[in-house]
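Spelled out, the chains give:
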Amino acid sequence: GGLGGLVRKCGTLSNLPGCPPFDPMALEGAPIVQVAIEPADLTALPSLEHALRRLDMSDPAVETGCLPTGEHVLKCCGEVHLERCLHDITTTFAPGIQLHISPPLVPYRETAAPGGDGAACASTATRHARLTVRAASLPPAAAAVLRAHAGVLYDAAQRGRSWLASRLPPPLASAISELQAGLAG
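Residues numbered from 1 in each chain as written. Predicted model: local features only at pLDDT ≥ 70, side-chain atom pairs only at ≥ 80, totals over all residues. Heavy atoms only, no water.

Chemist: How should the overall build of the protein chain be read in this particular structure?
Modeler: Secondary structure summary: the protein chain contains 5 helices and 6 strands in total. Seen in sequence order, the protein chain has helices and strands lined up from the N terminus as β-α-β-β-α-β-β-β-α-α-α. By residue count, 22% of the 185 residues in the protein chain fall in the buried class. Of the contacts formed within the protein chain by residues at least 6 apart in sequence, a portion of 55% connects residues at least 24 apart. Here the protein chain has roughly 13,500 Å² of accessible surface; of this, 59% comes from carbon and sulfur atoms. (Helix = DSSP H or I, 4+ residues; strand = E, 2+ residues; numbered from the N terminus. Buried < 20%, exposed > 50% of the residue type's maximum accessible area, 1.4 Å probe, protein only. Contact = heavy atoms within 4.5 Å. Areas by Shrake-Rupley, 256 points an atom, 1.4 Å probe, with all protein chains shown as cover.)

And the structure:
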């Protein structure tokens with residue numbers, strides 16, 4: 001009985017027919033880690049599918065699905081979240097089922113290509129703050145200066161924030177001044 005099999009992730013209950021549905025919860029992040037999961041004994045596949053459906057309904061940040069290849073995929077918001085979800089499956093939703101779990105996979109969707117200038121906008125879950133980032137290619141002259149001073153940049157990065165301080169060794173300080181002049185001109 002109940003609505004467990006009818007409502008997935010969120011729902012609005014009301015005794016008024018004109019009640020508008022509430023918005024689903026806005027989550028801070030999207031699932032970024034995924035694993036393929038299958039039972040060691042294929043006769044337990046229906047139990048695993050049921051467990052994945054129950055996990056999907058109980059955790060709003062989880063995504064589960066079946067790929068066209070037949071693999072069952074569990075997507076989570078990080079390694080710790082993945083460990084928690086696997087623990088929930090093996091102890092609560094499908095105890096006693098031995099599972100084969102693939103190594104975690106994090107899809108990489110970033111690119112740096114010529115002509116890849118563009119803007120991206122992100123906002124907080126409450127939509128009180130918005131961050132807009134615009135990416136643009138470096139001018140060829142600036143890229144050449146940075147390549148020529150790669151050693152200086154490496155040394156500065158190794159020193160952390162102290163490279164901005166006045167305690168820099170004279171050769172590094174003059175190299176940074178030369179780099180700044182090259183970028184300005």
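Chemist: Just checking my understanding: could you explain the sheet that holds strand E3 (residues 72-76) for this structure?
Modeler: Spatially, the 4 strands line up as an open sheet ordered E2-E3-E1-E4, and their pairing is antiparallel. One side of each edge strand has no neighbouring strand; the edge strands of this open sheet are strand E2 (63-66) and strand E4 (99-101). Taken over all neighbouring pairs, the strand axes of this sheet differ in orientation by 30° on average, direction set aside. Packed on one face of the sheet, helix H1 (residues 45-58) meets strand E1 (33-39), E2, E3 and E4 and runs near 150° to E1. Packing against the sheet, helix H2 (residues 79-93) makes contact with E1, E3 and E4, and its axis sits at approximately 130° to E3. (Pairing = 2+ DSSP bridges. Axes fitted to C-alpha atoms, helices over the stretch in contact; angles between N-to-C directions.)

Chemist: Where do I start with the packing of H1 against H2 in this structure?
Modeler: How two helices sit against one another is set out by the angle between their axes and by the gap between those axes. Packing of H1 against H2 leaves a shortest axis separation of 10 Å and a crossing angle of 120°. Our classification of the angle between H1 and H2 gives oblique. For the pair H1 and H2, the sense of crossing is right-handed. Two secondary-structure elements touch here, H1 through Leu-48, Ala-51, Leu-52, Arg-54, Leu-55 and Ser-58 and H2 through Cys-85, Asp-88, Ile-89, Thr-92 and Phe-93. (Parallel < 35°, antiparallel > 145°, perpendicular 65-115°, else oblique. Left-handed = near helix turned anticlockwise from the far one by under 90°.)

Chemist: What should I look at first to understand H1 in this one?
Modeler: Residue pairs spaced three or four apart in an α-helix point in one direction, given the helix's 3.6 residues per turn. Relative to the 20 Å expected for 14 residues at 1.5 Å per residue, H1 spans 20 Å between its end C-alpha atoms, a close match to the ideal helical length. Residues Leu-48, Ala-51, Leu-52, Leu-55 and Asp-56 constitute the buried set of H1. Projected down its long axis, H1 carries its buried residues within an arc of 135°, all on one side. The inward-facing, buried residues of H1 abut E1, E2, E3, H2 and E4. (Expected span 1.5 Å × (residues − 1). Arc of directions from axis to C-beta.)

Chemist: Sorry, what's going on with the pairing of E1 here?
Modeler: On any regular strand, side chains alternate: one points to one face of the sheet, the next to the other face. Counting buried positions along E1 yields 5 of 7 residues, so the element is predominantly enclosed. With 5 bridges connecting them, E1 and E3 associate as antiparallel partners. Within E3, the residue paired with Val-35 across the bridge is Leu-74. Relative to E4, E1 runs antiparallel, the two being bridged by 3 bridges. Counterpart to Ile-37 in the pairing with E4 is Ile-101.

Chemist: Please explain the environment of Gly-11 as it appears in this structure.
Modeler: Looking at the secondary structure, you find Gly-11 in the segment before E1. Through-space distance from the C-alpha of Gly-11 to that of Phe-22 is 7.4 Å; in sequence the pair is 11 residues apart.

Chemist: Just to check I follow, could you spell out the nonpolar core for this structure?
Modeler: The nonpolar side chains of soluble globular proteins are, as a tendency, buried together. Ranked by internal contacts, the top residues of the largest apolar core, which has 19 residues, are Ile-37, Leu-55, Leu-74, Leu-82 and Ile-89. Looking at which element gives the most residues to this core, the answer is H2, with 5 residues. Non-local contacts of Leu-55, meaning those with residues more than four positions away in its chain, are made with Val-62, Leu-74, Cys-85, Asp-88, Ile-89 and Phe-93. (Core = buried A, V, L, I, M, F, W, Y, C linked by side-chain atoms within 4.5 Å.)

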